[in-house]
Amino acid sequence: MADEPNPEDLEIADELIAERRAEAPGETPEDMTAWQRPITAAIDVINYRAGQIIALMMVPLIAVVVWEVFSRNSFIILQDAGFEDFARSLGLGPTLQAYDLSRMIAGVLWMAGAGYGLMRGVHIRADFLYRNWTDKTQATVDALLYLLFFIPSMIFFTVVAAQFWWLAYDTGERLALDSAWQPILWPARLAMPIGGVLLLLQGLPEIFRAFHKMGKERERLFVRALPVYVVAVVWLSLAIFAPDLVPGGEWFTDLMKARPGLDKPTIGLIMLGAMLFVIFIGFPISFTLIFLAFVFGIWGSNLKLTTLLMTLNTNSTMLNDQLMAVPLFVLMGIVMESAGLMERLFASIQMIMARVRGALFIAVLIVSTIFAAATGIVGASVTLLGIMAGATMSRSGYNVQLAAGTITAGGTLGILIPPSIMLIVMGPVLEVSTLDLFRGAFIPGALLASLYLIYTLGRCWINPELGPILSDEDQPDTSRYYGAEVALICLGILTVCRVFGLGLGGSFAGVVPFGGLIVLALTCGLAYAAYRNLSVLRIALPIAVAFHLLMIVANPSAWSMVMGAFMVLLAILARPIYGSDAHENFHFSDLWNEFFAGLMPPTILISFALGSILLGLATPAEAAAMGAFGAILLSIGYRKFTMPGFFDSLIKALEITVLIMFLVAASNFFGAQFSALGTPKMLTEMLLGLELSPYLILLVVMALIFLLGWPLEWVPIVLIVVPILLPTVEGLSLHGLDRYDLMVWFGILVAVNLQTAWLSPPVALSAYFLKGVVPNWDLKDIYLGMMQFMLVQLCGLILLLIFPQLVLWLPKVMGG
């Protein structure tokens, strides 16, 4: 049997990369066949250098978008202040070029970097069966599928992409449909044939590695068959693209047109079955989809329609302005993770909650929720939480199953809480705004985090031994009135947040110019002075309480009354600061300095990146660029920034981007061809014709996605399964929702459902990530802990099914 993946070798930069190739580019086994070694090494190095160059394109991508955001908003501010002419003299204002330049750079980034991704071994596969085979079986299957699927599909892709590029170059085609600048297209489209050539070349080293892994005896059989294979592939390619040049070309064309007794929807069903069979064998999904779409497209339709669908879908994916946010948010998360801010925040929250049962559970869930909103990188979150909390939990006598479940469940929040890469990818699939998906995911994300917290604390309340109070050696040094410290910190944070929200809402705009910024700055200044000086604190506390009470008078809503009552309660808890012994027995502990040092960077990024999206002040791509830029600045500010480290972050971001975006393009091509065959329409009519309750049909759809979440990652489910099921869901009448609201609601249901891919053994990579950093925890206990939280997650999913307004309320309120 093949060995289990070594947890210590797992790449934590992203959840989708299970086993990044370990050997250096150009490095080959000494016992590989002599004539294959130089070819393998040379092609590896070519793609490695190409990837390094392409990764650097993220820098101008960030620069273009950041300048556009700065220039546009600076112009608006100066224009509102009456300095429009001055702003124009500085060259400020919206530009025509930024939008098109940024999306073309983003498209070139992943398309030209696809060969590098294959060289590094990051293209996704469903390997839950594959990993259990012997090395020889794995190698034999790989070699066969690379020869049968990969090489032909990349030849087809490259030829069609080259024809598409030449057409754009020869005619001087411009991007005119959705562009005011209307740039010429051929420079960006050149990435398609270049990416195809690099992928095709990289296929040879992959085949040679498979030959080496299978052993000399089997390798000889494959090598003997290679001449016949080469002749067959050349003949097949010419028979498809130039049938007049080869004998039998016209016969092959007629053969592909023949459909003995089969209509198009039936061909589509065969296509679907073939796709599922090959994917579950374990071959990289992207190349499987491209090959099957070509073969069944030519069989079910014709070559012209198939090539048209391929070029249009690849081109539209390259120029999609929503998907442009993917590499930028990924880079933001990687830079944030490398800055080491998560450790500081966790340590401080652990100390703050040290006197509460289940303190480490609380710290894990709070930190994972905050970093989910700031980064969304599941693998890194689970691993770092395991490093930070695992040893302390074991030393403090925490229950291993509950501890493992808390860490893995908290880490998975990154794929739901905005800015979620999954929601960015899902937006175009559902044909809804990514902005509305972000808004719709906010409350469900908070709901799941709350359910996790209630479950862990409830278990600790019932059985205190599951999460005992931390030992004396882990207790922090605090003042005598520690309760007053906590109450005052909570009151201060909530007051600043409320002033910030009122400022964004324009409540202070009519007072003075830039009223919101001025009031916020004054509030923060007073809060800082109160934090440093007891006398100022005694003055600031009644001012803060009076402010919240005034808000009740100005807006006597239930929310204002609850907030005001809570502030009064906090003020009562803080009354020891007015005692005669306050100067000796009260001070803010040093742990609060660490808390704010860890909390402020992700909070700033969330406020400005995610906040600008939710409020409609910036597109997801613009907010992603600003977030990536802000993460770089924070890394510099915390003295964690180095050029080699930043370049490594660019490389990791390129790998993840290639993995996701190439699969997006391949699945769009497959889905378009599948739809053209009419199979989704046939399946929809069949399901709706059963006269079942629409709610029962939705439950069947959710159950199917839930089951597929066990063996598959979220990417193939969102890009392949969801489009197949979408026509059926669109035909349902649920809660009186229109099509748009139904799709937003359905998208969030799918997103919550797909978190099971991370909590469902035995495939869930979260278990391996955690096991790698806490080796003394048994894998069985980790599995059992994950299963508990998967049931909690199902409770959250049921609540969202029963109450769709938990998803739709915020998009409607914020979208007007």
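A quick note: this is a predicted structure, and the numbers were derived from the prediction, not measured.

(A) Here's a closer look at the overall build of the protein. When helices and strands are counted, the protein shows 36 helices and 0 strands. The C-alpha atoms of the protein give a radius of gyration of 29 Å, which matches the 28 Å a tight globule of 816 residues would have. In terms of overall dimensions, the protein has C-alpha extents of about 100 × 65 × 60 Å along its principal axes. Within the protein, the fraction of its 816 residues that count as buried is 56%. A separation of at least 24 residues holds for 81% of the contacts in the protein among residues at least 6 apart in sequence. A distance of 1 Å separates the average location of the 42 positive side-chain charges in the protein from that of its 57 negative side-chain charges.

(B) Fine view of the packing of aromatic side chains. Tallied over the entire structure, the rule returns 31 aromatic pairs. Judged by centre distance (5.3 Å) and plane angle (65 degrees), the rings of F595 and F596 are edge-to-face. Since its relative accessible area comes to 12%, F595 is described here as buried. Following the ring pairs from residue to residue traces out a cluster consisting of W110, Y146, F150, F157, F287 and F662.

(C) Here's a closer look at the pattern of salt bridges. According to the stated counting rule, one finds 15 salt bridges in the structure shown. Across the pair E622 and R72 runs a salt bridge whose closest N-O atoms are separated by 2.8 Å. Remark: R72 occurs in helix α2 (residues 58–80) and E622 occurs in helix α27 (residues 620–637); sequence separation between them is 550 residues. In terms of burial, E622 and R72 fall into one category: buried.

(D) Structural view of a nonpolar patch on the surface. Together, L690, L692, L696, L699 and V700 give the surface a local cluster of nonpolar side chains, amounting to about 440 Å² of exposed area. Position of L696 relative to the elements: it lies in helix α30 (residues 694–708).

(E) The arrangement of the packing of helix α8 (residues 191–214) against helix α9 (residues 216–241) in detail. For the pair α8 and α9, interaxial distance at closest approach is 7 Å and the crossing angle is 145 degrees. Counted together, F211, H212 and M214 of α8 and R218, E219, F222, V223 and L226 of α9 form the full contact between these two elements. Taken together, the residues of the contact of α8 with α9 sort by class into 5 nonpolar, 1 polar and 2 charged.

(F) Fine view of helix α18 (residues 400–412). In a regular helix each residue adds 1.5 Å, so 13 residues correspond to 18 Å; α18 covers 18 Å between its end C-alpha atoms and thus fits that length. Summarising burial for α18: 11 of the 13 residues are buried, a large majority. Those residues of α18 that fall on the buried side of the exposure criterion are L402, A403, A404, G405, T406, I407, T408, A409, G410, G411 and T412.

(G) Summary view of helix α36 (residues 805–815). Listed in full, the buried residues belonging to α36 are V807, L808, L810 and P811. Burial along α36 is one-sided: seen end-on, the buried residues are contained in an arc of 160 degrees. Packing partners of the buried residues in α36 comprise α20 (434–462), α32 (739–754) and α35 (779–802).

(H) Unusual backbone geometry, seen in detail. Here P418 and P419 are connected by a cis peptide whose omega angle stands at 0 degrees. Within the secondary structure, P419 sits in the loop between α18 and α19 (421–430). Located in the positive-phi region is Q182, a residue other than glycine, with phi close to 55 degrees. Counting through the fold element by element, Q182 comes out in the loop between α6 (135–171) and α7 (186–189).

(I) Region of interest: the confidence of the model for the protein. Here the protein averages 84 in pLDDT, and 93% of its residues register 70 or above. Averaged over each element, pLDDT in the protein is lowest for helix α33 (residues 756–759) (71) and highest for helix α1 (residues 36–55) (94). Between residues 1–19, whose pLDDT stays under 50, and residues either more than four places distant or in other chains, the model counts 64 contacts.

(J) Structural detail: the environment of R639. Considering the arrangement of structural elements, one finds R639 in the loop between α27 and α28 (643–676). Exposure remark for R639: the relative accessible area of 80% places this residue in the exposed category. Once the C-alpha coordinates of R639 and A339 are considered, the two residues, 300 residues apart in sequence, prove to be 8.3 Å apart.

The rules behind each value
- Every chain is numbered on its own, with residues counted from 1 as its sequence reads.
- Owing to the predicted nature of the model, reporting of local features is limited to residues with pLDDT of at least 70; listing and counting of side-chain atom pairs is limited to 80 or more, with chain, interface and lining totals taken over all residues.
- The basis for every side-chain value is the complete set of heavy atoms in the structure, and neither hydrogens nor water enter the calculation.
- A run of H or I in DSSP counts as a helix once it spans at least four residues, and a run of E counts as a strand once it spans at least two, with each numbered from the N terminus.
- Taken over C-alpha atoms, the radius of gyration is set against a globule rule of 2.2 Å times the number of residues to the power 0.38.
- Think of it in three bands: residues with accessible area under 20% of the maximum for their type are buried, residues over 50% are exposed, and the middle band is partly exposed, with areas taken using a 1.4 Å probe on protein chains only.
- The contact definition used throughout considers only heavy atoms, calling two residues in contact when any of these lie within 4.5 Å.
- A residue counts as positive if it is Lys or Arg and as negative if it is Asp or Glu; His and the chain ends are not included.
- By convention, the point assigned to a charge is CZ for Arg, NZ for Lys, CD for Glu and CG for Asp.
- Any Phe, Tyr or Trp ring, taking Trp's six-membered ring, that has another such ring centre within 6.5 Å forms a pair; planes under 30 degrees apart are called stacked, those over 60 apart edge-to-face, and the others tilted.
- We count a salt bridge whenever a side-chain nitrogen from Lys or Arg sits within 4 Å of a carboxyl oxygen from Asp or Glu.
- For patches, a residue must show more than 30% relative accessible area and have no salt bridge; joins then use 9 Å for like charges and 5 Å for nonpolar side chains, namely Val, Leu, Ile, Met, Phe, Trp and Tyr.
- Where accessible areas are quoted, they stem from the Shrake-Rupley method and a 1.4 Å probe; at the residue level, only the protein chains shown are allowed to cover.
- Interaxial angles span 0 to 180 degrees and are taken between N-to-C directions of axes, which are lines fitted to C-alpha atoms, for helices over the stretch in contact.
- Side-chain classes follow a simple rule in which Ala, Val, Leu, Ile, Met, Phe, Trp, Tyr, Cys and Pro form the nonpolar group, Asp, Glu, Lys and Arg form the charged group, and the remainder, Gly included, forms the polar group.
- Residue count minus one, scaled by 1.5 Å, sets the expected span of a helix.
- As used here, the arc belongs to the directions running from the helix axis to the C-beta atoms.
- On a scale of 0 to 100, pLDDT captures the predictor's confidence in every residue.

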